Structures are given as C-alpha cells and as structure tokens.
Amino acid sequence: MAEAIGAIKEKLQAATLEELPALFMQYEQDERAGVQALLAKGRKRVEAYEKEVARCENLKKYEREYAVYTNICGIDEVGRGPLAGPVVAGAVILPKDCDILYINDSKKLSEKKREKLYDVIMEKAVAVGIGYSTPARIDEINILQATYEAMREAIAKLTVKPDLLLNDAVTIPLVDIRQVPIIKGDAKSISIGAASIVAKVTRDRLMVQYDQVYPEYGFASNKGYGAQVHIDALKKYGPCPIHRRSFITHFI
C-alpha cells in the first residue's frame, strides 16, 4: 500500500536541507501528482537556500578583498532624515567565517526579519558598538557632523579594535583607522549590512519607547519620520523634547 501523501508531506516539511535530497530520491518514482507537487516544493526550498548562500557569499566581496586585515568593521547609520529622535550608528565586526544568511540593507528587510537577524548578529559578531547623537546635538552641529560623532562613538564602544573600516558611502573625520567608503555599502558588504540592521533595530526600539512618553505623534509607527499623522500632530501640539528644531521649521 502506498504511503499516505500527508505522511510524505510531514516528512518533507520536517526535513533539514541536508536531509531533503535523500527524500527526493526516495519518492521520485512515486507518480502521484500530489507527491510530485510536494517534491517540487521541496526542491524550490533547496534552490532558494542555495541562491541565498550564493548571494551572501557575494556580499563578502570586500571582506575577501581586504582579508589581510584581522578585524574588519562595517559602519552604517540610521535616522538622518526623521523630524524627531536621534541618529544611531552601528559598528559590527563579523567573524571571518561568518555564516549568517539573509543580511541585507535594513530597509529591504521586514521588521520581523530585522529583529531575528539582530539577535543572530549580536550572538555571532566578534564585537558590536552603537553610537547616538541626540536631537539637540543634531540641531547644534548639523546632521552630517552629528552622524560622524555617532559613528566615532560606535567605533569607540567596540570591545575589539578594528584595523579596517568599511563605511556606507562616507569617510569619517578624526578616525585613525583605514577607511573604505562604499556607495550603497549596506547592500554590497555583509559587515555594513549587519551594522545597518543593528542600528535600525536599536533606533526603532528606542522610538517605540518614546511613543509611550509622547503618544500624540505616532512614533511607534512612523519612527519620527515625516508621516502625515506625525506632521498633523506637530502642527496641533507643537514639538516635543525629541524633535529636531532645525528640521521642523516648515511645519511650525
């Protein structure tokens, strides 16, 4: 008697990627359409995994190019554009044999995926540093200089000193470590991508906390960016202590 399709489905779903090829061989002679559909779905799962592995290997292009350096650190920032909240910088040193999949520019990932990757990065990274620049500081010295300050703070907080920095587009002043600026680096370097995820999750969590203090502005959903509900609240209630005064002159 042929094995029930439901039982085969359970086996395929429970199987690891390493176990799937053996199951494909086991059931490839089963001509039932339902079984063949399950096998096709399983093969797509393997293909998607292999494609992701290849994509992540390509993301290590710069890390391989500068492999003579021991501790390569990716640097990125989040929050240059919002009307409220800090700018946050992340600095991440990944291990040479980094096997983390799905790292990408944080903006291209769902919130759920970012949160999962944040935990994996924090667990597997050689070192992680996070730097902040407050709204008041942004108003005082401008957003670019404040971003540089946050990046320098993130580097200073690393427990392992990097000997090379891979930066998303910028060259950070007053840093005595060799820097390689990479345009759209958060989508081209696994180290910068990891830094962008750490910075994004850190800032988003902070803005959710601020939402509890200043609920009028919808910070939990808009994260301080200029969503219409945020602008309407700004016009109605005026600025709160975490608004960037230099950013909101068009609205109040």
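Quantities reported herein were computed from a predicted structural model and do not represent experimental measurements.

**A few points about the overall build of the chain**
And step 1. Scanning the chain for helices and strands turns up ten helices and five strands.
And step 2. A compact globule built from 252 residues would reach a C-alpha radius of gyration of about 18 Å, whereas the chain, at 23 Å, exceeds it by more than 25%.
And step 3. Once the C-alpha set of the chain is aligned to its principal axes, its extents read approximately 75 × 50 × 25 Å.
And step 4. Relative to its full complement of 252 residues, the chain shows a buried share of 48%.
And step 5. Restricting the contact set of the chain to residue pairs at least 6 apart, pairs at least 24 apart contribute 64%.
And step 6. With an accessible surface of roughly 13000 Å², the chain has 54% of that area assigned to carbon and sulfur atoms.

**Brief notes about helix H10 (residues 228-237)**
And step 1. When we look at burial in H10, the residues that qualify are His 230, Ile 231, Ala 233 and Leu 234. Considered in projection along H10, the buried side chains sweep an arc of 160° and stay on one side of the axis. In H10, the exposed positions angled more than 90 degrees off the buried face are occupied by Lys 235 and Lys 236.
And step 2. Looking at the packing, one finds that the buried side of H10 touches helix H9 (219-222).
And step 3. Looking at the residues trailing H10, positive phi occurs at Gly 238, about 80°.

**Digging into the side chain of Asn 104**
And step 1. Mapped onto the secondary structure, Asn 104 falls in the loop between strand S2 (87-93) and helix H5 (111-124).
And step 2. Of the residues examined, Asn 104 reaches a relative accessible area of 16% and is grouped as buried.
And step 3. Ignoring sequence-local partners within four residues, the contact set of Asn 104 consists of Arg 55, Leu 109, Asp 186, Ala 187, Gly 193, Ser 196 and Ile 197.

**What about the sheet that holds strand S4 (residues 164-168)?**
And step 1. The five strands are arranged S3-S2-S1-S4-S5 in an open sheet whose pairing can be described as mixed. Of all strands in the sheet, those bounded by a partner on one side alone are strand S3 (127-133) and strand S5 (179-182). In this sheet, neighbouring strand axes are inclined to one another by 20° on average, regardless of whether the strands run parallel or antiparallel.
And step 2. Where strand S1 (residues 72-78) and S2 come together, six bridges link them in antiparallel fashion. Note that in S2 the partner of Ile 75 across the bridge is Ala 91.
And step 3. Along the sheet face, helix H7 (residues 143-156) touches S1, S2, S3 and S4 and points at about 150° away from the line of S3.

**Digging into the packing of helix H2 (residues 20-27) against helix H3 (residues 33-59)**
How two helices sit against one another is set out by the angle between their axes and by the gap between those axes.
And step 1. Running from amino to carboxyl end, H2 crosses H3 at an angle of 155°, the nearest separation of the two axes being 11 Å. With respect to H3, the axis of H2 lies roughly antiparallel. Taken as a pair, H2 and H3 cross one another with a handedness that is left-handed. In contact with Leu 20, Leu 23, Phe 24 and Tyr 27 of H2, H3 contributes Val 35, Gln 36, Leu 39, Gly 42, Arg 43, Arg 45 and Val 46.

Each value, and the rule that gives it
- Residues numbered from 1 in each chain as written.
- Predicted model: local features only at pLDDT ≥ 70, side-chain atom pairs only at ≥ 80, totals over all residues.
- Heavy atoms only, no water.
- Helix = DSSP H or I, 4+ residues; strand = E, 2+ residues; numbered from the N terminus.
- Rg over C-alpha atoms; globule rule 2.2 N^0.38 Å.
- Buried < 20%, exposed > 50% of the residue type's maximum accessible area, 1.4 Å probe, protein only.
- Contact = heavy atoms within 4.5 Å.
- Areas by Shrake-Rupley, 256 points an atom, 1.4 Å probe, with all protein chains shown as cover.
- Arc of directions from axis to C-beta.
- Pairing = 2+ DSSP bridges.
- Axes fitted to C-alpha atoms, helices over the stretch in contact; angles between N-to-C directions.
- Parallel < 35°, antiparallel > 145°, perpendicular 65-115°, else oblique.
- Left-handed = near helix turned anticlockwise from the far one by under 90°.

Keep in mind these numbers describe shape, not what the thing actually does.
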